[in-house]
Amino acid sequence: MGTENQKTTPQSHLSEDPHLRRGPRGFPLLPGGYGRSTYYTGAPSPYAIRGEGYRVWDDRGHELIDANNNFTSLIHGNAHPEITEAATKALTAGASWGIPNLYEWELADLLLSRLPDLDQVRFANSGTEAVMSAIRIARASTGRERVIVTKGGYHGTSEVALVPGGPAYQRGVTRGVINDVTAVPLNDIDVLRQEVEAAPDSYAAIILDLLPNRAGLLRISEEFVHAARDLATQYGIVLIIDEVISLRLGFNGFSGEYGVSPDLLTTGKLIGGGFPVGAVAGRAELMAEVDPTRPGSLPHGGTFSGNPVSMAAGAVALRLFTQEEVKRLNHLGDTTRDSVNAKIADAGWEIRGRGSLLRAVPAGAEKVNEQTQHELWWASYERGLLGSPANLLSLSTPMDEKVAGDIADRLADAVLAVANQNPATEGAK
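Now for a quick tour of the structure. None of these values were measured; they are calculated from a predicted model. (Residues numbered from 1 in each chain as written. Predicted model: local features only at pLDDT ≥ 70, side-chain atom pairs only at ≥ 80, totals over all residues. Heavy atoms only, no water.)

## Considerations on the sheet that holds strand 2 (residues 55-58)
Read from one edge to the other, the open sheet built from 4 strands follows the order 1-2-3-13, with strand pairing classed as mixed. Every other strand in the sheet has two partners, leaving strand 1 (48-52) and strand 13 (385-386) as the edge strands with one partner each. By the bridge criterion, 2 bridges tie strand 3 (residues 63-66) to strand 13 in an arrangement that is parallel. Considered in strand 13, the bridge of Asp-66 is made with Leu-386. Together, strand 3 and strand 13 form the strand contacts of helix 15 (residues 401-421), whose direction differs from that of strand 3 by roughly 105°. (Pairing = 2+ DSSP bridges. Helix = DSSP H or I, 4+ residues; strand = E, 2+ residues; numbered from the N terminus. Contact = heavy atoms within 4.5 Å. Axes fitted to C-alpha atoms, helices over the stretch in contact; angles between N-to-C directions.)

In structure tokens form, the structure reads like this:
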């Protein structure tokens, strides 16, 4: 952690805590001092200065193993040279234009080659936008308004997506939107069937997050996914599978591991190579809803949607994430999870997840309170491990067995430290 940090001295105007910088009327320049609410960890956060591979350096002089990877987006870590070269080449020719660019076709071709049951792609700027578009397509094609989601599923920050988060997330959302969303318990097929069959002509879509982080990375069962597929087919409902995060778990996406074909699939994060991106992939008859050559089609825009920099970087990122790399990274995640679980089992904690995604939670917890999450984040940070504020860790391709073992040691030590100072965390639900 030593001498390398000398290269990362922040610019002079950032030499003091950025959280303290204030505007002309005396308020912090950013609300609470943060550009994203999701950065918040209970105390003023360090600022990233530089990243390379699986490492990141911050303004406090720390060298960290980056297992946050911008909330799972950086599948190839920080500043991958091939991705950087592709983005720079695209940027040099023009960051964005008001007419189509050829990079969109390349990324669409690569993505659809991994999703053989889907026909077309429309790009957006984020996973949130992709989900919003998918819901609108489903509503337009069915003539219905209501949607079904699972409790604990996370689908971005649109109003519909906020509803399953509960009252804290529903503040500011209209009652009409809330009434249009039905949240069913995770893996409860009977409740799912009851809700659909009670009003089959009301539902436009069933939206599934196959490994919901908000629910502590509790995996949706294969039986539940197949039941959702069957009900959607039977009643003319559009099945949307949200793979903004989980696409990394299989060469054909995580849904491919289930052997289930969605009608629409939303994704983002890794397919942008570290740049803003979202995508809806779907069957041609549904994607026709946004075909501008078709009379009465849905308007769909986005000033930076499909911009050449994101498309060029994303194409390289997908090419580099070969079937072999998917398997290797998932194996690293599985061995890391097993290693940490063996070390923390007696402390009343467990590591959940699948493949290259893992998260430490009190054993059996359906929801982890924010204080416990923050305590573990800081304990991990102090040990040189950077995760998300919810303690979701994602591996990246620059990591090998040695790095994975290092992550396991640091995470286990952090979990034990939190468990020892707060033995009541096993009841944090």
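## Overview of the packing of helix 3 (residues 103-113) against helix 12 (residues 308-320)
Angle between the axes and distance between the axes are the two parameters that describe a pair of packed helices. Packing of helix 3 against helix 12 brings their axes to within 8 Å, and their N-to-C directions diverge by 30°. Accordingly, the angle class assigned to the pair helix 3 and helix 12 is roughly parallel. Regarding helix 3 and helix 12, the two cross each other, and that crossing is left-handed. On helix 12, the residues touching Tyr-103, Glu-104, Glu-106, Leu-107, Leu-110 and Leu-111 of helix 3 are Pro-308, Met-311, Ala-312, Gly-314, Ala-315, Leu-318 and Arg-319. (Parallel < 35°, antiparallel > 145°, perpendicular 65-115°, else oblique. Left-handed = near helix turned anticlockwise from the far one by under 90°.)

## What to know about the pattern of salt bridges
Counting across every chain of the model gives 16 salt bridges. In this structure, the salt-bridge partner of Glu-63 is Arg-55, at a minimum N-O distance of 3.5 Å. The exposure class of Glu-63 is buried, given its relative accessible area of 17%. Classification of Arg-55 by relative accessible area gives partly exposed; the value is 22%. A salt bridge links Arg-283 to Glu-285, with the nearest nitrogen and oxygen atoms 1.9 Å apart. One salt-bridge network, held together by shared partners, links Arg-229, Asp-263, Arg-283 and Glu-285. (Salt bridge = Lys/Arg side-chain N within 4 Å of Asp/Glu carboxyl O. Buried < 20%, exposed > 50% of the residue type's maximum accessible area, 1.4 Å probe, protein only.)

## Concerning the sheet that holds strand 9 (residues 264-268)
The strand order across the open sheet formed by 7 strands is 4-10-9-8-7-5-6, and the pairing between neighbours is mixed. Strands at the two margins of the open sheet, each flanked by one partner only, are strand 4 (120-124) and strand 6 (181-184). Strand-to-strand twist in this sheet, taken as the mean axis angle between neighbours without regard to direction, amounts to 20°. Pairing of strand 8 (residues 238-242) with strand 9 involves 3 bridges; the strand directions are parallel. Considered in strand 9, the bridge of Asp-242 is made with Thr-266.

## A closer look at the nonpolar core
Membership of the largest hydrophobic core comes to 48 residues, with the highest contact counts inside it found for Leu-111, Val-121, Phe-123, Ile-271, Trp-349, Ile-407 and Leu-411. In terms of residue count, the dominant contributor to this core is helix 15 (10 residues). With residues near it in sequence (within four places) discarded, Ile-271 still touches Leu-107, Leu-111, Phe-123, Leu-247, Val-277, Ala-279, Ser-310, Gly-314 and Leu-318. (Core = buried A, V, L, I, M, F, W, Y, C linked by side-chain atoms within 4.5 Å.)

## What to know about helix 12
In this model helix 12 runs 18 Å from its N-terminal to its C-terminal C-alpha over 13 residues, within 8% of the 18 Å that 1.5 Å per residue would give. Of all 13 residues in helix 12, 11 are buried; the element is thus mostly enclosed. Residues of helix 12 that are buried include every one of Pro-308, Val-309, Ser-310, Met-311, Ala-312, Ala-313, Gly-314, Ala-315, Val-316, Ala-317 and Leu-318, and no others. Where helix 12 is buried, its residues contact helix 2 (81-93), helix 3 and strand 4. Between the side-chain oxygen of the N-cap and the backbone nitrogen of Val-309 there are 3.1 Å, and the N-cap of helix 12 in question is Asn-307. (Expected span 1.5 Å × (residues − 1). Polar contact = N/O pair within 3.5 Å; in protein donor to acceptor, adjacent residues only side chain to side chain.)

## What to know about the packing of helix 14 (residues 370-382) against helix 15
Where helix 14 meets helix 15, the closest approach of the two axes is 9 Å, and the angle between their N-to-C directions is 135°. Judged on the interaxial angle alone, helix 15 and helix 14 are oblique. For the element pair helix 14 and helix 15, the recorded crossing hand is right-handed. The residues of helix 15 that touch helix 14, namely those facing Glu-375, Leu-376, Ala-379 and Ser-380, are Leu-411, Ala-414, Val-415, Val-418 and Gln-421. For the contact of helix 14 with helix 15, the class distribution of residues is 6 nonpolar, 2 polar and 1 charged. (Nonpolar A, V, L, I, M, F, W, Y, C, P; charged D, E, K, R; others polar.)

## Re the environment of Glu-350
Mapping Glu-350 onto the fold places it in strand 11 (residues 349-354). Here the alpha-carbon distance between Glu-350 and Gly-296, two residues 54 residues apart in the chain, equals 52 Å. Sequence-distant contacts of Glu-350, that is, excluding residues within four places in its chain, are made with Asn-341, Ile-344, Arg-359, Ala-360, Val-361, Pro-362, Ala-363 and Gly-364. Only 3.0 Å separates the side chain of Glu-350 from the side chain of Arg-352, close enough to count as a polar contact.

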